[in-house]
Amino acid sequence: MSGFDDEEEEYRGTVTIVLQDPPESGGSGESFKVQAHLAGHFSPLTGDYRWKGRLSADPGLTEAYESGARTVIVRTPDGHEGVGVLDSANLWGGHPVSGSGTPPFAVPQIELDD
């Protein structure tokens, strides 16, 4: 089994979460290194790439979420990054994150035939 679904690409490892909220503060740019399990797939209904994942617990990230931070950049050590939205902490203190568009991990390149 791979990822959250058999048809999904996946990443497990360290990520850097960069805060882009709250808007009234202009985005703090504060960052947190956490462990993540991310997976995604192309959505034929919307025509974009959808990804989601779980972030490990981090008290500073939870404090930022409780202060209004929602939009984040998720960046992997190999330079891939995507914009995501944080959700409230789960039972273990980690936060779900999801996004659409460019994912924060490598995906296979697909060549379309003419």
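For clarity, every value in this text was computed on a predicted model and none was experimentally measured.

## Quick look at the sheet that holds strand S3 (residues 48-55)
Within a beta sheet, neighbouring strands are joined by backbone hydrogen bonds and run either parallel or antiparallel to one another.
Here is step 1 of the chain: Read once around its circumference, the closed barrel built from 6 strands follows the order S1-S2-S3-S6-S5-S4, with strand pairing classed as antiparallel. Neighbouring strand axes in the sheet, compared pairwise and without regard to direction, differ in orientation by 40 degrees on average.
Here is step 2 of the chain: One ladder, built from 10 bridges, connects strand S1 (residues 9-19) with strand S2 (residues 31-43); its direction is antiparallel. The partner of Glu 9 across the bridge, within S2, is Gly 40.

## Observations regarding the confidence of the model for the protein
Here is step 1 of the chain: Per-residue pLDDT for the protein has a mean of 87; in total, 82% of the residues score no lower than 70.
Here is step 2 of the chain: Of all the helices and strands in the protein, helix H1 (residues 59-66) carries the lowest mean pLDDT, 94, while strand S6 (residues 96-100) carries the highest, 97.

## With respect to the nonpolar core
Here is step 1 of the chain: Core analysis: the largest hydrophobic core is formed by 20 residues, its most contacted members being Val 15, Ile 17, Leu 38, Leu 55, Val 74 and Val 97.
Here is step 2 of the chain: At the level of elements, S1, S2, S3, H1 and strand S4 (71-75) are the ones that each hand at least two residues to this core.
Here is step 3 of the chain: Those residues in contact with Val 74 that lie beyond four places of it in its chain are Val 15, Thr 16, Ile 17, Leu 38, Trp 51, His 80, Glu 81, Gly 82, Val 97 and Pro 104.

## Quick word on the pairing of S2
Put simply, side chains in a regular strand alternate between the two faces of the sheet.
Here is step 1 of the chain: Bridge analysis of S2 against S3 gives 8 bridges, and the strand direction is antiparallel. Residue pairing for S3: His 37 is matched across the bridge by Arg 54.
Here is step 2 of the chain: In this structure, the hairpin formed by S2 and S3 is closed by a connection of 4 residues, where Gly 47 is found at a positive phi of approximately 75 degrees.

## Here's the deal with the side chain of Ser 43
Here is step 1 of the chain: Assignment of secondary structure puts Ser 43 in strand S2.
Here is step 2 of the chain: For Ser 43, the side chain forms a polar contact with the side chain of Thr 46, separated by 3.1 Å.
Here is step 3 of the chain: Residues contacting Ser 43, with those up to four places away along its chain left out, are Asp 48 and Arg 50.

## A few points about the packing of aromatic side chains
Here is step 1 of the chain: A complete count under the given rule lists 1 aromatic pair for this structure.
Here is step 2 of the chain: Aromatic side chains Tyr 49 and Phe 105 sit 6.4 Å apart centroid to centroid with 65 degrees between the ring planes, which places their arrangement in the edge-to-face category. Taken as a pair, Tyr 49 in strand S3 and Phe 105 in the segment after S6 lie far apart in primary sequence, 56 residues in all.
Here is step 3 of the chain: A residue is classified by how much of its surface remains accessible, and Tyr 49, at 13% relative accessible area, is buried.
Here is step 4 of the chain: Using a relative accessible area of 3% as the deciding quantity, one classes Phe 105 as buried.
Here is step 5 of the chain: When the ring centre of Tyr 65 is taken as origin, the NZ or CZ atom of Arg 70, which lies over that ring, is 3.7 Å away.

About the criteria used
Residues numbered from 1 in each chain as written. Predicted model: local features only at pLDDT ≥ 70, side-chain atom pairs only at ≥ 80, totals over all residues. Heavy atoms only, no water. Pairing = 2+ DSSP bridges. Helix = DSSP H or I, 4+ residues; strand = E, 2+ residues; numbered from the N terminus. Axes fitted to C-alpha atoms, helices over the stretch in contact; angles between N-to-C directions. pLDDT = per-residue confidence, 0-100. Core = buried A, V, L, I, M, F, W, Y, C linked by side-chain atoms within 4.5 Å. Buried < 20%, exposed > 50% of the residue type's maximum accessible area, 1.4 Å probe, protein only. Contact = heavy atoms within 4.5 Å. Polar contact = N/O pair within 3.5 Å; in protein donor to acceptor, adjacent residues only side chain to side chain. Phe/Tyr/Trp six-rings, centres within 6.5 Å; stacked < 30°, edge-to-face > 60°. Lys NZ or Arg CZ within 6 Å of the ring centre and 35° of its normal.

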